[in-house]
Amino acid sequence: MAVIHRTVLTPSKLELLTSWLPSRPWYRGGGGPRLAKAGGFRLDDPRGDVGIEFMVVTDASGPHPVAYLLPLTYRGAPLEGAEHALVGTMEHGVLGRRWAYDGCHDPVSVAQLLALIEGRVRAQDQNISDAPDREVIASCTVEGPLSADFTATDDREGTELTTPYGTTLRLRRVLSPATDGASPPPQGAIGHVTGCWQLPAGTRARGVFAVLHAGAPA
């Protein structure tokens, strides 16, 4: 169970993300981001070593606000071989120095996201310890554990994680609210995750966060 500490982070998560976001190929802003926290959820690391958060932020720097899905992991030491995925470091008032990574490149985060899709774990509230987030809905149409041997690639539309077997897990980095409030599984998907976030106007939106597709038959 992840414990949520009420403490100070220096710099804050939003300050780290303000510097990091413009370097992403899927970033839609034209200048410096103006970020606000809009929602998200957490997943537990079975070993209790890595903090896992799927944060949603809105950016008001452009003509229209944009919502981004930002999976993040927090570690007490650098993740070997993941220098390219480092978002930044911060000082935690309780835990000391923390290394924040893009969770799409952290094997612990990817494995737990798959476990969520498969129904083996539940999403946890972003701000309350040991409390499930009932707004996060996951589904999977196949049985048995899926391979977590993913390689992550960023493009203009988001992040695609692929396995040697052709299975792909697509993260929607730029979120779009469902027009009717519902988020059915995308066509051809064998699994997906949907969640909610706060719009700048104060209303709640629901949309697809991640989509899992099977590889082509051998």
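Above this note sits the structure.
Residues numbered from 1 in each chain as written. Predicted model: local features only at pLDDT ≥ 70, side-chain atom pairs only at ≥ 80, totals over all residues. Heavy atoms only, no water.

Colleague: Hey, could you run me through the pairing of strand β5 (residues 86–92) in this one?
Modeller: Remember that side chains alternate between the two faces of the sheet whenever the strand is regular. As paired elements, strand β1 (residues 9–10) and β5 share two bridges and run antiparallel to each other. If you follow T10 over to β5, its bridge partner there is E91. Both β5 and strand β6 (residues 96–102) contribute to a ladder of six bridges, which runs antiparallel. If you follow H92 over to β6, its bridge partner there is G96. (Pairing = 2+ DSSP bridges. Helix = DSSP H or I, 4+ residues; strand = E, 2+ residues; numbered from the N terminus.)

Colleague: Looking at this structure, I do not really get the pattern of salt bridges. What am I missing?
Modeller: For side chains of opposite charge, pairing can occur when their charged atoms come near one another. What the rule picks out here adds up to eleven salt bridges. Here R170 ties to E160 by a salt bridge, and the two come within 3.3 Å at their closest N and O atoms. On the criterion of sequence distance, the pair formed by R170 in strand β10 (residues 168–171) and E160 in strand β9 (residues 159–162) is long-range, its members being ten residues apart. Because the salt bridges share partners, they merge into one network encompassing K13, R42 and E53. (Salt bridge = Lys/Arg side-chain N within 4 Å of Asp/Glu carboxyl O.)

Colleague: In this structure, what is going on with the environment of L21? I would like to understand it.
Modeller: Tracing the backbone shows L21 in the loop between α1 (13–20) and β2 (35–43). Apart from residues no more than four positions distant in its own chain, L21 is found in contact with W26, Y27, P33, L35, Y68 and L70. (Contact = heavy atoms within 4.5 Å.)

Colleague: I tried to follow the sheet that holds strand β3 (residues 51–59) on my own but got confused; where do I start?
Modeller: Sheet strands associate in pairs through backbone hydrogen bonding, adopting either a parallel or an antiparallel arrangement. As summarised here, the arrangement of the six strands in space is β1-β5-β6-β4-β3-β2, forming an open sheet in which the pairing is antiparallel. Lying at the two open borders of the sheet, with one neighbouring strand each, are β1 and β2. Relative to strand β4 (residues 66–75), β3 is paired through nine bridges, and the arrangement is antiparallel. Across the sheet, E53 pairs through a bridge with L72, a residue of β4. Sitting on the sheet, α1 is in contact with β1, β2, β3, β4, β5 and β6, with an inclination near 160° to β5. Sheet strands touched by helix α2 (residues 107–118): β2, β3 and β4. Its angle to β3, the strand with the most contacts, is close to 85°. (Axes fitted to C-alpha atoms, helices over the stretch in contact; angles between N-to-C directions.)

Colleague: Sorry, what's going on with the sheet that holds strand β7 (residues 137–140) here?
Modeller: If you trace the six strands from one edge of the open sheet to the other, you get β7-β11-β12-β10-β9-β8, paired in antiparallel fashion. Every interior strand has two partners, whereas the edge strands, β7 and β8 (151–154), have only one. Each strand of the sheet is rotated relative to its neighbour by a mean of 20°, with strand direction disregarded. Of the strand pairs in this sheet, β10 and strand β12 (residues 204–213) are connected by four bridges, and their pairing is antiparallel. Residue L169 lies in a different strand from β12, and its bridge partner there is L212.

Colleague: Explanation requested: α1 in the structure shown.
Modeller: The α-helix advances 3.6 residues per turn, and as a result positions three or four apart in sequence lie on the same side. Residues K13, L16, L17 and W20 constitute the buried set of α1. Seen from one end, α1 has its buried residues packed into an arc of 95°, which puts them on one side. Buried-residue contacts for α1 involve β1, β2, β3, β4, β5 and β6. (Buried < 20%, exposed > 50% of the residue type's maximum accessible area, 1.4 Å probe, protein only. Arc of directions from axis to C-beta.)

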